[in-house]
Amino acid sequence: MNIRIPRGWEIPERLATSESVVMNRRALLGASAMLLPGVAAAQTANAQTAPSDGLPGAQAAARNPRYRVDRAINTEREATTYNNYYEFGTDKGIWRPAQRLAQRPWRLKLDGLVAHEKTLDIDDLLKQVSLEERVLRFRCVEAWAMTAVYTGFPLSELLRIAEPAAGAKYVVFETAADRAAMPGLRQSWYPWPYKEGCTIEEAANEMAFVVTGMYGKPCPPQNGGPIRVLFPWKYGFKGGKSLVRISFSATRPVSYWEQIQGSEYGFWANINPEVPHPRWSQASERLLGSGDRVPTKLFNGYGEFVADLYTGLQQERLWI
Ligand SMILES: Nc1nc2c(c(=O)[nH]1)N[C@H]1C(S)=C(S)[C@@H](COP(=O)(O)O)O[C@H]1N2
Ligand SMILES: [Mo]
């Protein structure tokens with residue numbers, strides 16, 4: 001008999017939805033909670049207008065030419081209607097139910113090891129920073145990727161506003177948990193609220209970007225509006241959406257995905273085509289829109305900006 005057991009990287013991509021495979025095993029009991037009429041309708045309906053039309057806050061800003069891409073830029077529609085946002089559900093079609101997340105008023109708390117704890121209103125914050133547009137590659141750990149147009153400001157500007165104390169070594173990002181708007185929160189076995197973190201050196205790196213807009217409009221809720229963070233050299237799950245709190249800490253936080261499955265989603269999560277996810281290869285990625293398979297790049301192509309952050313850290317699990 002010749003039974004061939006497929007290796008992890010041979011599973012078809014539709015099964016390589018990592019982030020949901022782990023959960024769906026536990027989710028069976030709670031599945032009926034997700035079958036809201038609005039959610040089902042949104043998954044089949046086609047948008048007539050762009051999802052970010054009509055949101056508050058102007059987001060036109062000059063493009064920063066420093067960050068070049070060698071790929072076609074995805075359309076606004078592609079980048080804003082295929083999302084991961086588990087608070088709204090585990091499928092990619094949550095953009096319509098996500099419109100229930102009110103974008104104003106919105107406050108962001110800065111606390112922990114800081115000179116003075118602060119709570120900023122988003123419109124006041126936007127006046128204290130200089131917005132720029134960046135065209136960035138984005139790579140999900142599930143091996144889909146896109147190139148999208150973002151407006152925002154370097155995370156280093158928020159560090160300046162927060163004034164972290166000398167002992168602050170890590171930055172912790174906590175995202176919205178609005179039970180009325182987010183049906184996913186009823187799945188109480190997940191460690192809500194979604195939290196992520198990075199080192200203070202990573203946060204100060206020029207590539208760490210706070211996003212407040214996309215395609216010249218306010219960032220739509222499904223992409224993390226009104227304010228989210230992006231680490232374009234790391235897998236997408238590091239970029240917490242709809243931030244409500246940024247804390248400074250002396251100790252390394254354990255993030256949402258790390259709590260769910262630490263062997264598959266670690267603290268560093270830097271992109272490396274040569275280090276497979278435990279269940280599939282990371283050597284290539286599928287581009288939204290064209291569906292083309294292209295090779296994945298070390299640090300998602302941003303090594304010239306970020307590689308130095310990791311000298312001396314070779315003993316860490318930098319690539320998971
Ligand atoms: N709060 C929150 N942030 C989140 C997620 C989430 O489920 N909840 N998903 C993450 C994952 S897995 C990815 S790939 C990106 C997707 O961002 P996008 O929908 O803007 O492309 O958001 C990340 N941030
Ligand atoms: Mo992801």
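About the criteria used
- Residues numbered from 1 in each chain as written.
- Chains lettered and ligands numbered in written order.
- Predicted model: local features only at pLDDT ≥ 70, side-chain atom pairs only at ≥ 80, totals over all residues.
- Heavy atoms only, no water.
- pLDDT = per-residue confidence, 0-100.
- Contact = heavy atoms within 4.5 Å.
- Near = heavy atom within 4 Å.
- Polar contact = N/O pair within 3.5 Å; in protein donor to acceptor, adjacent residues only side chain to side chain.
- Areas by Shrake-Rupley, 256 points an atom, 1.4 Å probe, with all protein chains shown as cover.
- Nonpolar A, V, L, I, M, F, W, Y, C, P; charged D, E, K, R; others polar.
- Core = buried A, V, L, I, M, F, W, Y, C linked by side-chain atoms within 4.5 Å.
- Buried < 20%, exposed > 50% of the residue type's maximum accessible area, 1.4 Å probe, protein only.
- Helix = DSSP H or I, 4+ residues; strand = E, 2+ residues; numbered from the N terminus.
- Salt bridge = Lys/Arg side-chain N within 4 Å of Asp/Glu carboxyl O.
- Pairing = 2+ DSSP bridges.
- Axes fitted to C-alpha atoms, helices over the stretch in contact; angles between N-to-C directions.
- Phe/Tyr/Trp six-rings, centres within 6.5 Å; stacked < 30°, edge-to-face > 60°.

A. Focus on the confidence of the model for the protein. Of the residues in the protein, 83% have a pLDDT of 70 or more, and the chain-wide mean is 88. Low pLDDT, under 50, characterises residues 1–17; the predicted model gives this stretch 17 contacts beyond four residues in sequence or across chains.

B. Representation of the site of ligand 1 within the structure. In the vicinity of ligand 1 lie 19 residues, with Asn 83, Tyr 86, Glu 87, Gly 239 and Lys 241 positioned nearest. Within the side chain of Glu 87, one N or O atom sits 2.8 Å away from a nitrogen atom of ligand 1. At a separation of 3.0 Å, an oxygen atom of ligand 1 approaches a polar side-chain atom of Arg 228. Summarising the interface, the protein chains cover 100% of the accessible area of ligand 1, which totals 530 Å² for the free molecule. The residue makeup of the shell around ligand 1, split by class, is eight nonpolar, seven polar and four charged.

C. Representation of the nonpolar core within the structure. Counting residues in each nonpolar core, the largest one holds 81 residues, and the members touching the most others are Tyr 150 and Leu 158. At six residues, the largest contribution of residues to this core is made by strand β4 (residues 144–154).

D. Region of the structure containing the pattern of salt bridges. A complete count under the given rule lists 21 salt bridges for this structure. Two residues, Glu 132 and Arg 134, come together in a salt bridge whose shortest N-O distance is 2.6 Å. We note that Glu 132, like Arg 134, is buried. Close ionic contact of Arg 160 with Glu 157 constitutes a salt bridge, the shortest N to O distance being 3.2 Å. Of this pair, Arg 160 and Glu 157 both sit in helix α5 (residues 155–162), three residues apart, which is roughly one turn of that helix. Overall, Glu 157 belongs to the buried group, its relative accessible area being 14%. Connected via shared salt-bridge partners are Lys 109, Asp 111, Glu 117, Glu 174 and Arg 245.

E. Spotlight on the pairing of strand β1 (residues 107–112). Two strands pair when backbone bridges link them, and β1 and strand β2 (residues 118–121) are joined in this way by four bridges, in the antiparallel orientation. Pairing of Leu 110 across the sheet is with Lys 118, part of β2. Count of turn residues in the β1/β2 antiparallel hairpin: five residues.

F. Seen up close, the sheet that holds strand β6 (residues 195–199). Taking strand neighbours across the sheet as the criterion, the five strands line up as β2-β1-β10-β5-β6 in an open arrangement whose pairing is mixed. Either end of the sheet is taken by a strand with one partner, and the two such strands are β2 and β6. Ignoring strand direction, the axes of neighbouring strands in this sheet form an average angle of 20 degrees.

G. Main features of unusual backbone geometry. Looking along the chain, the bond that leaves Arg 104 and enters Pro 105 is cis, with omega of -10 degrees. Tracing the backbone shows Pro 105 in the loop between α3 (76–80) and β1. Located in the positive-phi region is Tyr 215, a residue other than glycine, with phi close to 55 degrees. For Tyr 215, the position within the fold is in the loop between β7 (209–214) and β8 (217–218).

H. Structural view of the packing of aromatic side chains. Summed over all chains, the structure comprises 19 aromatic pairs. Between Tyr 170 and Phe 267, the aromatic rings sit 5.8 Å apart at their centres with planes inclined by 80 degrees, giving edge-to-face as the arrangement. One end of the pair, Tyr 170, is in strand β5 (residues 170–175); the other, Phe 267, is in the loop between α7 (256–261) and β11 (284–287), with 97 residues separating them in the sequence. For Phe 267, a relative accessible area of 4% gives the class buried. Consider the rings of Phe 237 and Tyr 265, whose centres lie 5.5 Å apart with planes at 80 degrees: the pair is edge-to-face. Here the residue Phe 237 occupies a position in the loop between β9 (228–230) and β10 (243–249), and Tyr 265 occupies one in the loop between α7 and β11, the gap between them amounting to 28 residues. Judged by relative accessible area, which is 4%, Phe 237 ranks as buried. Through successive ring pairs, a cluster of aromatic residues spans Tyr 86, Trp 189, Tyr 190, Trp 192, Tyr 194, Phe 237, Tyr 256, Trp 257 and Tyr 265.

I. Region of the structure containing the pairing of β7. For β7, the buried fraction is high: six of the six residues fall into the buried class. Two elements, β4 and β7, share five bridges in a ladder whose sense is antiparallel. Residue pairing in the sheet places Tyr 150 in a bridge with Met 214 of β7. Of the strand pairs in this sheet, β7 and β9 are connected by three bridges, and their pairing is antiparallel. Directly across from Val 210, in β9, lies its bridge partner Val 229. The pairing of β7 with β8 spans two bridges and is antiparallel. Of the residues in β8, the one forming a bridge with Gly 213 is Pro 218. If you look at the hairpin formed by β7 and β8, you'll find two residues sitting between the two strands, and Tyr 215 has a positive phi there, around 55 degrees.

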